[in-house]
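Architecture at a glance
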Amino acid sequence: MIALLYYLVALTGFATALCAPVTGCSIKWGTETVTGTASATGVCRYTVKYGSAARWATATSPASQTGVSATAIPPSCPQISSVLLATTTSEDCLYMTIYAPTSASSLPVFAFFPGGSNIMGGIASPGIDASAIAKAGNMVVAVIQTRLGVLGYLPPAVASTSSDPNMGVTDAVLALSTIQSKISAVGGSATKVTIGGQSSGASMVRALMGTPAAKGLFRQMILQSDPLNYGLQSLKIMSTLQSTYYAQSAFAGCSDLACFRKVSAADIITAQTNLGNVVIDPSNGIPWAPFLRPSYGAATIPNEPTNSLYYNTGALAISPSSVPLLITNVKDEAATSVSQIFGSKIGAASNAVYYSALNSLIGGTRANQIVYSASLTDYQVPTTGSGDQFRETLSHLVTDFVWRCPARTLAGKYAAAGGKVYVGEFRQGVTYPLNSGVDLCVGKVCHMDDVYPTFDTSPSPSANTTTFENGIIAAWAKFIAGSAPSSTWSAFSSGSGVSGTGVKSLGGDGLVGSCPTEYWGSKVEWDFQMF
Ligand SMILES: *[C@@H]1O[C@H](CO)[C@@H](O)[C@H](O)[C@H]1NC(C)=O
C-alpha cells in the first residue's frame, strides 16, 4: 500500500513536471517550490543554486534552495572590479539563472557560460539577459556561473584538489548534471542541451570536450570567439603559477589549508592581479590573457582538447560525429587587447621595434619567424607611413593567430572526424561596454561585440541592428533546436581550408576574412602545439 501510494505520488509529480504549464513563475525544483519572476512577456526567470563548496574543494549539490533568492540576479564570483561586474561578489557563487517561456514543454536548452578571461564576468555581466532569446527562440536558456581565477584553477599545494586543479570545470559538470536531472521542471528537455559560451566561456566548452565526466550531458556545442590558440595549461605551468602565487606576502606563514582559507577573498584577488603582472611568459606558455586556465593531464581532463582536435580527435572525451558544433568569430577580435597594450596610434616601425613587440607578446621564436623568416607580407608592419599601421597590423595578426585561423583549421579537423560543424564570422556587432571609447575599435567588430547581438540586448538598437539581431537569434535557435542554423549556412567541410570558403558572413559587408595557407600551425606554431 505504501509502495503503491509512493508510486502514484511519484507518477503525479513526474506528470506535473513534464506537462503542467508554468503559471506565475512557480516550479518544482526537485522537491522544492521555487518562485521566479516574470522578466519579459511570457518568460520566467529563476535563479537557482547548483553547487556548494568550501574554498578550493570540489562542489556538491546544495541540500536545498533555502536562502537563495530565485528572483534576484545572484552575486558574481570574486573578481576585480570592471564593466563585467554589475553586482556584489561572494565565494558562494555557484548559481545558474534560467529563462524559460511559460507553458514550455520539452524545449531545447541553451546552457551558456559567460566570458571574461577566466577571471571576470558572470550572470550579471552586461547583455547576458536571456529573456528575449528564450522567447524569440522558444527555448530554455540557463546562464551558468563557475568559479574563476585562483579560486577556480589554482589551489595551494596542500589542497587535495592541487593534483587535479579544475574546480571551475567540475563546477560546470555539476551544473550540467543538475540540468539533466531538473530542467524538465521549467519545460526544458534534458536530451536537447546545447552548451555554449563566449570568449573564456567558449574555452570552458572546449575544456568540456576533453572532460570524460561531461560526456552525455549535452548534444551540441557553440564556441563564440574562443581564443583557440591557447590550449589548456599543463600541470607543470600550473605548478609554476602556484609557487609564484603562494609565495606572496598575503600567504606568509601559511602551511595548512585552514590558514590559506582564512585569507580574505579581497586579498586573494589582489594577489591574483599581482600574479598576472609578474608571471606572464609567452616563450614558456604563460600567455598575456588568460593567464589562469584549466589544467590538463589530470583525471578530470586527461588530454588537452585543442591538441586532441588538431592531432587525434579520438583522444577527446566526446565523439565529433555525434556532437554538432557551431564556431564563430568577430571580424576584429584583437583590436581591444592591442589597444590595451599600445594605448595610442603608432605609425610605421622598423623590424627591430616590431620584433621586440612581438617577442613580448608571443615569444622570440615565433616573433623571429613572423618578422624575419616566414616571408609573408600580410603581417609585416610598413617601414614608412604615419597612420596607425603598427596597431592595425598587430591587431590583424593577433586576430588571425589567436582566433580566426585556428577556428578554421580546427573546424576542418572536426569535419574530417565526421563532425557536423558550422563556421561564421560576425562582420557587424554592437559595441560592448568594454570597447566603448577604444579608438582602435571604431568602425570595427571587436571582441565581445557579439554579446548584445547574441542575446538581443542592445541598449538602443537601430532598425538595422534589430534586423541583424533577429537573424542571429533565429540562426542560433535553429541550431539549438537541432537543425542547420539557416538554409543558407552550409556545414564546413574538411576540404574548406582556411581562405574563408565555407565560412558564413554574419551581417555588415557580407565578406569574411582570409587566412594564409601553410602558415599558422606550420610555419608559426600555436601555443597548443608548443606547450
Ligand atoms: C547595417 O549596418 C552595417 C554597419 O554596421 C552595414 O555594413 C550594413 O550594410 C547595414 N545593413 C543594412 C541592411 O543596411
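None of the values given here were measured: they were computed from a predicted structure.

1. Description of the site of the ligand
- Near the ligand you find Q428, N464 and G508, and these make up its full shell.
- At 2.5 Å, a side-chain N or O of N464 approaches an oxygen atom of the ligand.

2. Quick word on the state of the cysteines
- All told, the structure shown has five disulfides when counted by the stated rule.
- A sulfur-sulfur distance of 2.0 Å marks the disulfide that ties C441 to C446. Across the S-S bond of C441 and C446 the torsion is about -105 degrees, and the bridge reads as left-handed. No difference in accessibility class separates C441 from C446, as the two residues are buried.

3. Here's the deal with the packing of aromatic side chains
- Summed over all chains, the structure comprises 25 aromatic pairs.
- Between W56 and Y246, the ring centres sit 6.1 Å apart and the planes meet at 75 degrees, which makes this aromatic pair edge-to-face. Residue W56 is found in the loop between β4 (43-49) and β5 (95-101), and its partner Y246 is found in helix α6 (residues 235-246); the two are separated by 190 residues along the sequence. Each member of the pair, W56 as well as Y246, carries the same accessibility label: buried.
- Relative to Y311, the ring of Y310 lies with its centre 4.7 Å away and its plane at 80 degrees, an arrangement referred to as edge-to-face.
- By relative accessible area, which is 49% here, Y311 ends up partly exposed.
- By way of ring pairs, the aromatic residues Y422, F426, F468, W476, F479 and W489 are connected into one cluster.
- Against the face of W56 rests R55, its NZ or CZ located 5.4 Å from the ring centre.

4. Some details on the environment of Q224
- Inspection of the secondary structure puts Q224 in strand β9 (residues 220-224).
- The spatial distance from the C-alpha of Q224 to the C-alpha of C405 is 14 Å, given a sequence separation of 181 residues.
- Contacts of Q224, omitting those with residues within four sequence positions, involve F112, G197, Q198, S199, A202, T328, F426, D450, T454 and W476.
- Here W476 takes part through its side chain, which lies 2.9 Å from a polar atom of the side chain of Q224.

5. A few points about the side chain of R404
- Residue placement: R404 occurs in helix α13 (residues 389-416).
- A distance of 2.6 Å separates the side chain of R404 from the side chain of D400, its partner in a polar contact.
- What R404 contacts, discounting residues up to four positions off in sequence, is N329, K331, T399, E425, R427, G513 and C515.

6. Things to note about the UniProt feature "domain: Carboxylesterase type B" (unreviewed entry) in the protein chain
- Under the UniProt annotation, "domain: Carboxylesterase type B" (unreviewed entry) lies at residues 54-492.
- The distance separating the terminal C-alpha atoms of residues 54-492 is 44 Å; by composition the span is 36% helix and 11% strand.

About the cut-offs
Residues numbered from 1 in each chain as written. Predicted model: local features only at pLDDT ≥ 70, side-chain atom pairs only at ≥ 80, totals over all residues. Heavy atoms only, no water. Near = heavy atom within 4 Å. Polar contact = N/O pair within 3.5 Å; in protein donor to acceptor, adjacent residues only side chain to side chain. Disulfide = S-S within 2.5 Å. Buried < 20%, exposed > 50% of the residue type's maximum accessible area, 1.4 Å probe, protein only. Phe/Tyr/Trp six-rings, centres within 6.5 Å; stacked < 30°, edge-to-face > 60°. Helix = DSSP H or I, 4+ residues; strand = E, 2+ residues; numbered from the N terminus. Lys NZ or Arg CZ within 6 Å of the ring centre and 35° of its normal. Contact = heavy atoms within 4.5 Å. UniProt positions renumbered as here; feature names shortened; annotations may be inferred.

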